[in-house]
There are 2 protein chains.
Amino acid sequence: MMTNTLNVLRDIFESTLDQQIRYVMTPIEMLKPMLYSLKNGGKRLRPLLLLAMLEINSMDDVKKGLRSAIALEYIHTYSLIHDDLPAMDNDDLRRGQPTNHIQFDEATAILAGDALLTDAFVIIAEDDLLNDNQKIRLTQQLSLAAGSQGMVAGQLKDIEAEKVKITLEQLAQIHLLKTGQLFIFAAKAAAIICNLPHDVAEPLEIFTHHFGTAYQIHNDLMDVLGTEEETGKKEQGDAVLDKTTYPAVLGLDGAIEALNTELNTARQQLTLLTDRTGKNYTGLSYFLDKLVVERGDKS
Amino acid sequence: MMTNTLNVLRDIFESTLDQQIRYVMTPIEMLKPMLYSLKNGGKRLRPLLLLAMLEINSMDDVKKGLRSAIALEYIHTYSLIHDDLPAMDNDDLRRGQPTNHIQFDEATAILAGDALLTDAFVIIAEDDLLNDNQKIRLTQQLSLAAGSQGMVAGQLKDIEAEKVKITLEQLAQIHLLKTGQLFIFAAKAAAIICNLPHDVAEPLEIFTHHFGTAYQIHNDLMDVLGTEEETGKKEQGDAVLDKTTYPAVLGLDGAIEALNTELNTARQQLTLLTDRTGKNYTGLSYFLDKLVVERGDKS
C-alpha cells in the first residue's frame with residue numbers, strides 16, 4: 001500500500017464524515033460532545049484498514065464501504081469516551097486533549113458515547129449504496145463485535161483482570177474481545193461489501209485477528225517504552241492501574257518476540273491472499289510495518 | 001383489550017426472553033448485570049404495547065414481532081441503567097430494588113447498559129421470522145428513536161432543563177424525545193411487521209405519540225400525588241432535582257386537564273382505526289385507562 005493511496009483514502013473518509021455530520025438532524029447541544037471526540041485527531045486506523053481492504057478490490061467498493069467505515073469509527077469513538085470515564089480508566093487526557101468528560105461533564109460524556117454507539121446503526125441502515133442483505137449482515141457483525149459477546153465483554157473482563165493475576169491465554173482472550181473484534185469486523189465488512197468468496201474472506205479475517213493482537217502488544221510495549229508525547233497520555237497509565245499487560249506477563253523481550261510472531265502470521269495471510277487472488281494484498285503490510293518494535297527501541 | 005389477552009402476551013414475551021437469554025454466547029460475568037436489570041419486575045409496557053398492536057392483526061404477527069419487542073425492552077432497560085447513574089439522576093432504587101450501579105458498581109452498570117443497547121441490534125439482525133427489508137427498517141427506526149436524534153438527545157435536554165426555567169413547548173419536546181420516541185417506535189414496528197397501509201400506520205403512530213405524552217404527564221402527576229410504595233422510588237425525586245414537570249408548569253389541575261386532552265386524542269385514533277379496518281383497535285384503550293387520574297386522587 002502506497003502512503004499516497006492511504007492519504008487519498010483518509011481524505012475521502014474525512015470529507016464523507018463531514019458531509020454525514022452536516023445533514024444529521026441531531027440537536028446542536030448533543031452533536032457538540034459527539035463531534036469533540038470524533039474530530040480530535042484520531043488516526044482512523046479501523047476505518048482506514050477497512051477502506052484499504054476495499055481499495056484492493058476497487059475504488060467502487062471503497063465508495064460503497066465509506067458509511068460502514070464511519071459507523072466503525074463511531075463505535076470506536078464511543079468506546080474511548082466510555083473507557084476514559086472516572087468509573088472506568090479515569091483518564092483526563094486522550095491524544096493530548098482533555099477527555100470528553102473533562103471537556104464537558106460526566107453525564108454528557110456518557111450520553112455522547114450512547115449516541116455515537118446508537119447512531120452507528122442509523123448510518124448503516126440508511127446507507128443507499130448497499131442492498132438490504134448487506135446492510136443487515138453488517139449490522140449483525142458490528143453489533144456482535146461491539147456488544148456483550150465482543151468489545152463490551154472485553155472491557156468488563158479487562159477491569160476485572162486489574163484485581164487478579166491472569167494467564168497469557170486470558171490476556172489474549174480479553175484483547176481479542178476488547179480490541180480484536182473491531183479489527184476482525186473490518187475484514188468481515190470488506191467481505192460483505194465486496195461479496196468476497198470464502199477462501200478470500202477467511203485469510204483476510206485471520207490477517208485482522210493477528211493484526212489486532214500485534215496492535216495490542218505494540219500498545220502495551222509503547223506504554224512501557226514510549227513517552228507521553230508519543231502516546232498522548234500520561235506515561236504508564238496501565239502500569240499505575242496494575243493492569244496485566246503483555247510485557248508484564250512475558251517480559252520485554254518475550255513481548256517483542258510475541259509481537260513478531262503475530263506480525264509474521266499476519267504477513268503470511270497477505271502473501272496467501274495475493275497468490276490466491278492475483279491482487280496486491282501485500283500492500284496491507286503497511287499497517288504491520290507501523291507496529292514493528294526493534295529491540296534498540298528499548299534504549 | 002381483555003386483560004386475559006395481555007396476560008397471554010406477557011407470558012409469551014417472558015418465555016421468549018428467557019429462551020433468547022439461554023442461547024446467547026455472552027460471558028456469564030457480563031450477562032449477570034444485564035439480567036439483573038432485565039428481570040427486575042419491569043411492567044414490559046413498551047413490548048406489550050407493540051405485541052397488543054400486532055395481536056389486533058393476528059397471532060402470527062405477534063410471533064413475528066417477539067424479537068423486536070425484546071429488542072425494544074433491551075433499549076428501554078439500558079436507558080434506565082444509564083439514567084440512574086450517579087452522574088445522571090443518581091438513583092439508588094428502581095422498582096424498590098437497588099439500581100444496577102448500587103448492586104454491582106458504576107463501571108459494570110455503564111457496560112451493562114452499553115451491552116443491552118448494542119445487543120438490541122443483534123436481536124433484530126438475527127430474527128429469522130422477518131425478511132431483510134423488515135429487519136433493516138426496524139433497525140433504522142429503533143436506532144433513530146434511541147439515538148442522537150431521539151431518546152439520548154431527550155435525556156441530555158432533560159438534564160440541561162434542570163438548571164433553567166423552560167416553557168410547556170420545550171417540556172413537551174424533551175419528553176417527545178426522551179420517552180415518546182420509543183412508544184412511537186412500537187407503532188412503527190407494528191406497521192413494518194404487519195405491512196400496514198399508510199392510512200392505518202399513521203393514526204397508530206399518532207395514538208402512540210399522544211399515549212407517550214399522557215404517560216409522561218401521568219408519571220409527573222404520580223411523583224406529586226403518589227407514594228413511594230406506588231412509584232417504587234423515593235417520593236418527589238424530580239421535585240428534589242428541581243426538574244420542570246407538567247404539574248410545575250401547568251399546576252395540578254392544568255396537568256390533569258392536559259392529561260385528559262392527550263388521552264382523548266389517543267382514544268379518537270383508536271375509534272378511527274376501528275372504523276377504518278373493521279378490527280378492534282379500541283381494545284388498546286386498556287393502556288389509556290391505566291393513565292386516568294381522577295381529581296379525587298389528590299386527596
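Residues numbered from 1 in each chain as written. Chains lettered and ligands numbered in written order. Predicted model: local features only at pLDDT ≥ 70, side-chain atom pairs only at ≥ 80, totals over all residues. Heavy atoms only, no water.

- In the nomenclature of an unreviewed UniProt entry, chain A is known as Farnesyl diphosphate synthase of Fundicoccus ignavus.
- Quoted verbatim from the Sequence similarities (unreviewed entry) heading of the UniProt record, the comment on chain A is "Belongs to the FPP/GGPP synthase family."
- According to its UniProt record, chain A has this under Catalytic activity (unreviewed entry): "isopentenyl diphosphate + (2E)-geranyl diphosphate = (2E,6E)-farnesyl diphosphate + diphosphate". (UniProt positions renumbered as here; feature names shortened; annotations may be inferred.)

## Description of the packing of aromatic side chains
Next, step 1: Counted under the stated rule, the structure contains 15 aromatic pairs over all chains.
Next, step 2: Ring centres of F211(B) and F287(B) lie 6.4 Å apart, and the angle between their planes is 80°; on these two criteria the pair is classed as edge-to-face. A residue pair is termed long-range when its members are at least 10 positions apart, and F211(B) in helix α10 (residues 198-225) and F287(B) in helix α14 (residues 285-289) qualify at 76 residues. In this structure, F211(B) and F287(B) share a single accessibility class: buried.
Next, step 3: Ring geometry for Y286(B) versus F287(B): centroids 5.6 Å apart, planes at 90°, classification edge-to-face.
Next, step 4: Judged by relative accessible area, F287(B) falls into the buried class, the value being 4%.
Next, step 5: A network of ring pairs unites the aromatic residues F183(A), F207(A), F211(A), Y215(A), Y286(A) and F287(A) as a single cluster. (Phe/Tyr/Trp six-rings, centres within 6.5 Å; stacked < 30°, edge-to-face > 60°. Helix = DSSP H or I, 4+ residues; strand = E, 2+ residues; numbered from the N terminus. Buried < 20%, exposed > 50% of the residue type's maximum accessible area, 1.4 Å probe, protein only.)

## Section: helix α9 (residues 168-194) of chain B
Residues separated by three or four positions in an α-helix point in the same direction, a consequence of the helix having 3.6 residues per turn.
Residue and element names in this part refer to chain B.
Next, step 1: At G180, α9 shows its maximal bend, which comes to roughly 55°.
Next, step 2: Counting buried positions along α9 yields 20 of 27 residues, so the element is predominantly enclosed.
Next, step 3: Looking at the residues trailing α9, positive phi occurs at N195, about 50°. (Bend = angle between axes of the 7 residues up to and from the residue.)

## Here's the deal with the packing of helix α1 (residues 3-22) of chain A against helix α3 (residues 45-57) of chain A
Residue and element names in this part refer to chain A.
Next, step 1: Where α1 meets α3, the closest approach of the two axes is 10 Å, and the angle between their N-to-C directions is 115°. By crossing handedness, the relation of α1 to α3 is classed as right-handed. Within the contact between the two elements, α1 uses T5, L6, L9, R10 and F13 and α3 uses P47, L48, L51, A52 and E55.
Next, step 2: Among the residues forming the contact of α1 with α3, the class breakdown is seven nonpolar, one polar and two charged. (Axes fitted to C-alpha atoms, helices over the stretch in contact; angles between N-to-C directions. Left-handed = near helix turned anticlockwise from the far one by under 90°. Contact = heavy atoms within 4.5 Å. Nonpolar A, V, L, I, M, F, W, Y, C, P; charged D, E, K, R; others polar.)

## Examining the relation of the copies chain B and chain A
Next, step 1: For these two chains of identical sequence, chain B goes onto chain A by a turn of 180° and a shift of 0.0 Å along the axis, with RMSD 0.0 Å. Taken together, the turn and the small shift mark the pair as related by a two-fold rotation axis.
Next, step 2: Both copies contact each other with a shared surface, as 100% of the interface residues of chain B are interface residues in chain A too. (Least-squares fit on C-alpha atoms with pLDDT ≥ 70 in both.)

## Observations regarding α1(A)
Residues and elements named next belong to chain A.
Next, step 1: The terminal C-alpha atoms of α1, which comprises 20 residues, lie 29 Å apart, in line with the 28 Å expected from a rise of 1.5 Å per residue.
Next, step 2: L6, L9, F13, T16, L17, Q20 and I21 are the residues of α1 that are buried. Looking straight down α1, one finds that the buried residues subtend no more than 135° of arc, so they occupy a single side. In α1, the exposed residues that point more than 90 degrees away from the buried face are N4, D11 and R22.
Next, step 3: Contacts from the buried residues of α1 go to α2 (28-38), α3, α4 (59-84), α6 (106-125) and α14 (285-289). (Expected span 1.5 Å × (residues − 1). Arc of directions from axis to C-beta.)

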